[in-house]
Amino acid sequence: MNAYDSERERTFEALPPAHGRGFAQSWWGRAWLTALEGGALDGEQVRTGRRLARAGAVGAVSVRPGRITAVVQDRDGTGYRADVLLDVLTDAQWDRFLDLTVERAGHVAALLDREMPPHLVEDVETAGIELLPGLGDLEAECGCDAWDHCGHTAALCYQVARLLDQDPFVLLLLRGRAEQSLLADLQARSTAVPTEPEPAQQEGVDAVEAYLAGHVLPPLPAVPELPEQPGVPPTLDTEAPPPGDVEPAALETLAARTAAQAHALLAEAVRGGAERQGPARALTVGEDAVRLAANLAGEGDGDTDSTRSVLDRLAAGTGRSREQLALAVRAWRTGGVAALAVLEEEWAVEGEALARARAALDTAWEEGERPVLRVRGNRWTAAGPAGQLRLGRDGRWWPYRKERGRWVPAGDAAQDPATALAAVGSEEAEGAEGVAEALS
């Protein structure tokens, strides 16, 4: 990937055609395409853009704060200037992003390796900063005078997904900060000596005086700021033996995860998200058990006796073996409740859903490139070692690969079946071995 760099603009040469491969192999590249495919009003225009990008119709791409630009050639050879706009972060948001980045040593190292750390994205989201675009965030402008995403702007987005795979700093520049200035700010924060603020003086008022003089007292103080971290529950490791039906390790785990969930909900409420989105569906017992197991496996303490005991209870309480629980955790990490349902549920695709699935399969590949697929229920299996596609009830395609004689999740879902199937061969099962070891 050759690029012309300046402090505020990068220009990338046109990429070759992408026949027979997906456009996004990284999780952040797929998140970018989800924002396009889920936010565009006309799905046919998105499919047209995918075909144009796959044919190599997108010219050199210019990336600068808030805007990406390229000339896209139509099927008849006519070129149109296509622009896609994304809001830049404010100075205050960038300061918070930098502070959160240097808090963990691995964040900066991952960025330098051209990786986008998922924990960093989660941390900044908790702080109210949306780094990756959401549905409707990618605004389109095109010389063809379309008022929403057309084939040209969609093609540009697909091409940018390939650039993001190779360099996440493309996204950071689009959000407003160039790579060199961003790294310089990170270096300055990493070497700064932290100073401890002086504790605030707490002044109290006698309760009787407060009651008698309530009408002249100052107003109540402002609501405290959101704590940086969730609270730490008290330890239950005492000398007194627990009751026969109480397991301290399991209770400590539930308390710690409840504190983390409460912190996340409070952060969402502080920034107004609770009013926008409304309450989510409550998890079933089986789903919540997988969520807890995924958290435990991700904390690096799966070898302790207490953690193994908790995982045993989660598996037994939901009628799963430890191997089945490990597979469910792997699915959960690719897409939560939706991915877990695709793993454990096989259903008959009929009527309108079947028609949409067939249309997506017919347009996903160029003529002669579509693999041979055997269908059973909502599962399309490619001949040979290529993999399997599973259709979710929301219309998205989930990639699966065969490992040790069983089908296992191979990546995130995609609206395009070709993109999903390409992830089977290119997506490494990052962290899957660690999950299996922690849960076995």
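For the structure itself, consult the block above.
Along every chain, residues carry numbers that run from 1 in the direction the sequence is written. Confidence filtering applies because this is a predicted model: local features only for residues at pLDDT of at least 70, side-chain atom pairs given and counted only at 80 or more, and all residues used for totals across whole chains, interfaces and linings. Side-chain numbers come from the whole structure's heavy atoms, not from hydrogens or water.

**Quick word on the overall build of the chain**
What counts, and what does not: Counting from the N terminus, the helices are the DSSP runs of H or I reaching at least four residues and the strands are the DSSP runs of E reaching at least two. Contacts are assigned to residue pairs with any non-hydrogen atoms lying within 4.5 Å of each other.
Each helix and strand counted, the chain has 17 helices and eleven strands in total. Restricting the contact set of the chain to residue pairs at least 6 apart, pairs at least 24 apart contribute 65%.

**Focus on the side chain of T101**
The criterion, for reference: Nitrogen and oxygen atoms within 3.5 Å of one another constitute a polar contact, given that in protein one can donate a hydrogen and the other can accept it, and given that sequence-neighbouring residues count only through two side-chain atoms.
Of note, T101 is situated in helix α3 (residues 91-103). A polar contact is formed between the side chain of T101 and the backbone oxygen of F97, at a distance of 2.7 Å. Non-local contacts of T101, meaning those with residues more than four positions away in its chain, are made with H107, V108, L111, L120 and L186.

**Side note on the sheet that holds strand β7 (residues 373-376)**
Our working definition: At least two DSSP bridges between two strands are needed for those strands to be called paired. Lines are fitted to the C-alpha atoms to define the axes, a helix being fitted only along its stretch in contact, and any angle between axes, read from their N-to-C directions, falls within 0 to 180 degrees.
One open sheet accounts for five strands, arranged β7-β8-β9-β10-β11; its pairing is antiparallel. Each end of this open sheet is capped by a strand with a single partner; those strands are β7 and β11 (406-409). Between one strand and the next, the sheet's axes are offset by a mean angle of 30 degrees, whatever the strand orientation. Across the sheet, helix α15 (residues 351-364) touches β7, β8 (379-382), β9 (388-391) and β10 (397-403), and the angle it forms with β10 is around 70 degrees.

**Observations regarding the pairing of β8**
Convention followed: Exposure is judged per residue with a 1.4 Å probe applied to protein chains only, and the accessible area is read against the type maximum: over 50% gives exposed, under 20% gives buried, and values in between give partly exposed.
Here β8 shows a buried face lined by R379 and T381 and a second buried face lined by W380 and A382. With antiparallel pairing between neighbouring strands as the criterion, β7 and β8 make up a hairpin whose turn holds two residues, including G377 at a positive phi of roughly 65 degrees. The pairing of β8 with β9 spans three bridges and is antiparallel. Following the sheet pairing, R379 is matched in β9 by R390. Taken together, β8 and the strand that follows it, β9, pair antiparallel across an intervening segment of five residues, in which G384 is found at a positive phi of about 80 degrees.

**Focus on the nonpolar core**
Where a protein is soluble and globular, its nonpolar side chains tend to be buried together. Put simply, the rule is: We define the nonpolar core as a collection of buried residues of types Ala, Val, Leu, Ile, Met, Phe, Trp, Tyr and Cys that are connected through side-chain atoms lying within 4.5 Å of one another.
Counting residues in hydrophobic clusters, the biggest one holds 57 residues, and the most contacted among them are W32, F97, L131 and L156. The element that contributes the greatest number of residues to this core is helix α6 (residues 151-166), accounting for nine residues. Each residue touching L156, except ones within four places of it in the same chain, is listed here: V58, V61, I68, T69, A70, A82, D83 and V84.

**Some details on a negative patch on the surface**
As a reminder of what qualifies: Each patch is assembled from residues with relative accessible area greater than 30% and no salt bridge, linking like charges that lie within 9 Å and nonpolar side chains (Val, Leu, Ile, Met, Phe, Trp, Tyr) that lie within 5 Å. Only the protein chains shown count as cover for residues, with accessible areas throughout obtained via the Shrake-Rupley method and a probe of 1.4 Å. Every case where a carboxyl oxygen of Asp or Glu lies within 4 Å of a side-chain nitrogen of Lys or Arg is listed as a salt bridge. When charges are tallied, Lys and Arg are placed among the positive residues and Asp and Glu among the negative ones, while His and the ends of the chain are skipped. Each charge is placed at NZ for Lys, CZ for Arg, CG for Asp and CD for Glu.
On the surface, D87, E130, D137 and E139 cluster together into a patch of negative charge. Residue placement: E130 occurs in the loop between α5 (118-126) and β6 (139-142). According to the relative accessible area criterion, E130 is partly exposed, its value standing at 37%.

**Some words on the side chain of R50**
You can see R50 is positioned in helix α2 (residues 43-54). Overall, R50 belongs to the buried group, its relative accessible area being 5%. Within the structure, R50 has its side chain in polar contact with the side chain of D416 (distance 3.4 Å). Excluding its chain neighbours within four sequence positions, the residues that come into contact with R50 are F23, E37, Y158 and D416.

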